[in-house]
Amino acid sequence: MALRPVQVNIKARDPLAVGRFWAEALGWAAYSPGVTTYVGPAGGLVWPDPVVVGIDVVPVPEPKGAVKNRVHLDLATTSAAHQTELVARLMGLGATPVDIGQGTVPWTVLADPEGNEFCVLEPREVYEDTGPIAAVVVDCADPRAMARFWGEAVDWEVREVTDGGATLRSAQGAGRPFLEFLRTPGGKTVPDRVHLDLLPYPGDNGAAEVDRLRALGATDLDIGQGDVPWTCLADPEGHEFCVLALP
C-alpha cells in the first residue's frame, strides 16, 4: 500500500483570483468544478493528474496573517534571463516582493496576491526536469525525523538527508517536483495555510492507509471539517495534510 502526493492545497479568501494567478504563473489552467479552484495542466481537467502535483485553492473567510507560511513552493527557471523574465511577469500578475530575512541570495522571494510566500529560483541542474514547480518546501525542526515519517508515508524516495535538510522525489522523476524539508528556526505557531493532499492508489484501502499513518506518528486533526470523505491529519511536527478519498 502507498499514498501519493496529488496536490498542494492553498487556502484563500478569493480562490478564483488566487487560482487564476497560479495558473498564469505556472503556464497551466484554472478549473472550477465545485467550490474549489484546481490548477493543473491546460487541455482539460484531469484529476488526479498522472504526472504533476496540482494546486487546489479552497475558500476560507479569514485572510493570511503576518506569520510566514511553513510550506511554500519553489519555482524552477532555466536561465538567468528566464528568472528575470518570470519575476517581472509574476509581479505584473500581482505578486509582491517579500523580505523574510533571506539577505542576499540568488533566488527571489515573492508572495501571491493573498500573501502566500514562494521563491523563484535561479537555474539549478537538479530541477531541470521538474516542470514549473521545482519543489514543495516545508520548514521543520528535524529534517531527519521528517524524512523518516514522509519516506514511509508516501511512495516517494528519500534522495538526500542531512542535519540541514531532507529531499524526497517520486521514482518516476520527470515532470514531478521535489518534496523538501528545510531546518528552519522557530516552531509552528499557527495553522498551515498551505498543505499537501495525499491520495491512495486504485484498489488500496484508504482507511487502512490512514491507520498506517497513525502508526507512523500522524495524529488526527479537527479543523472544523465536519463529516467529509477525506481525513485530516498532522505529521509528527504538526504540519497539516489530508488523505483524500478515491474518485
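Residues numbered from 1 in each chain as written. Predicted model: local features only at pLDDT ≥ 70, side-chain atom pairs only at ≥ 80, totals over all residues. Heavy atoms only, no water.

S.K.: Give me the lowdown on the sheet that holds strand 12 (residues 178–183), citing residues and values where you can.
M.R.: Strands belonging to one sheet form pairs held by backbone hydrogen bonds; the direction of such a pair is parallel or antiparallel. One open sheet accounts for eight strands, arranged 6-7-8-5-9-12-11-10; its pairing is mixed. Among the strands making up the open sheet, the edge pair consists of strand 6 (96–97) and strand 10 (156–161). By the bridge criterion, five bridges tie strand 10 to strand 11 (residues 165–170) in an arrangement that is antiparallel. Its bridge partner being in strand 11, tryptophan 156 is matched across the sheet by serine 170. In the packing of helix 2 (residues 80–92) onto the sheet, contacts are made with strand 5 (71–75), strand 6, strand 7 (108–111) and strand 8 (117–120), and the angle to strand 8 comes to roughly 150°. (Pairing = 2+ DSSP bridges. Helix = DSSP H or I, 4+ residues; strand = E, 2+ residues; numbered from the N terminus. Contact = heavy atoms within 4.5 Å. Axes fitted to C-alpha atoms, helices over the stretch in contact; angles between N-to-C directions.)

S.K.: Explain the environment of aspartate 14 to me, using residue names and the numbers behind them.
M.R.: Mapped onto the fold, aspartate 14 is located in the loop between strand 1 (3–12) and helix 1 (15–26). Along the backbone, aspartate 14 and proline 59 are 45 residues apart, and their C-alpha atoms lie at a distance of 6.5 Å. Here alanine 17 takes part through its backbone nitrogen, which lies 3.1 Å from a polar atom of the side chain of aspartate 14. (Polar contact = N/O pair within 3.5 Å; in protein donor to acceptor, adjacent residues only side chain to side chain.)

S.K.: An account of helix 4 (residues 206–216) is needed here, citing residue identities and associated values.
M.R.: For helix 4, the complete set of buried residues consists of Glu209, Val210 and Leu213. Buried residues along helix 4 cover an arc of 100° about the axis, so they all sit on one side. Counted as exposed and oriented over 90 degrees from the buried face of helix 4: Ala207 and Ala215. Between the side-chain oxygen at the start of helix 4 and the backbone nitrogen of alanine 207 there is a gap of 3.0 Å, and the oxygen is on asparagine 205. Positioned one or two residues after helix 4, glycine 217 has a phi angle of 120°, which is positive. (Buried < 20%, exposed > 50% of the residue type's maximum accessible area, 1.4 Å probe, protein only. Arc of directions from axis to C-beta.)

S.K.: Got a sec to walk through the pattern of salt bridges? Specific residues and values, please.
M.R.: For the structure on display, the rule yields 13 salt bridges. A salt bridge links glutamate 122 to arginine 124, with the nearest nitrogen and oxygen atoms 2.8 Å apart. Glutamate 122 sits in the buried class, given a relative accessible area of 17%. Here arginine 124 falls in the partly exposed class, since its relative accessible area comes to 28%. Linking aspartate 220 and arginine 214 is a salt bridge whose minimum nitrogen-to-oxygen distance equals 2.8 Å. On the basis of relative accessibility, which here comes to 48%, the residue aspartate 220 falls in the partly exposed class. Note on arginine 214: relative accessible area 34%, which makes it partly exposed. (Salt bridge = Lys/Arg side-chain N within 4 Å of Asp/Glu carboxyl O.)

S.K.: For the packing of helix 1 against helix 2, give the residues involved together with the corresponding values.
M.R.: Between helix 1 and helix 2, whose axes approach to 10 Å, the crossing angle comes to 160°. With respect to helix 2, the element helix 1 is oriented roughly antiparallel. The handedness of the crossing between helix 1 and helix 2 comes out as right-handed. Along the contact surface, helix 1 presents Phe21, Glu24 and Ala25, while helix 2 presents Leu86, Arg89 and Leu90. (Parallel < 35°, antiparallel > 145°, perpendicular 65-115°, else oblique. Left-handed = near helix turned anticlockwise from the far one by under 90°.)

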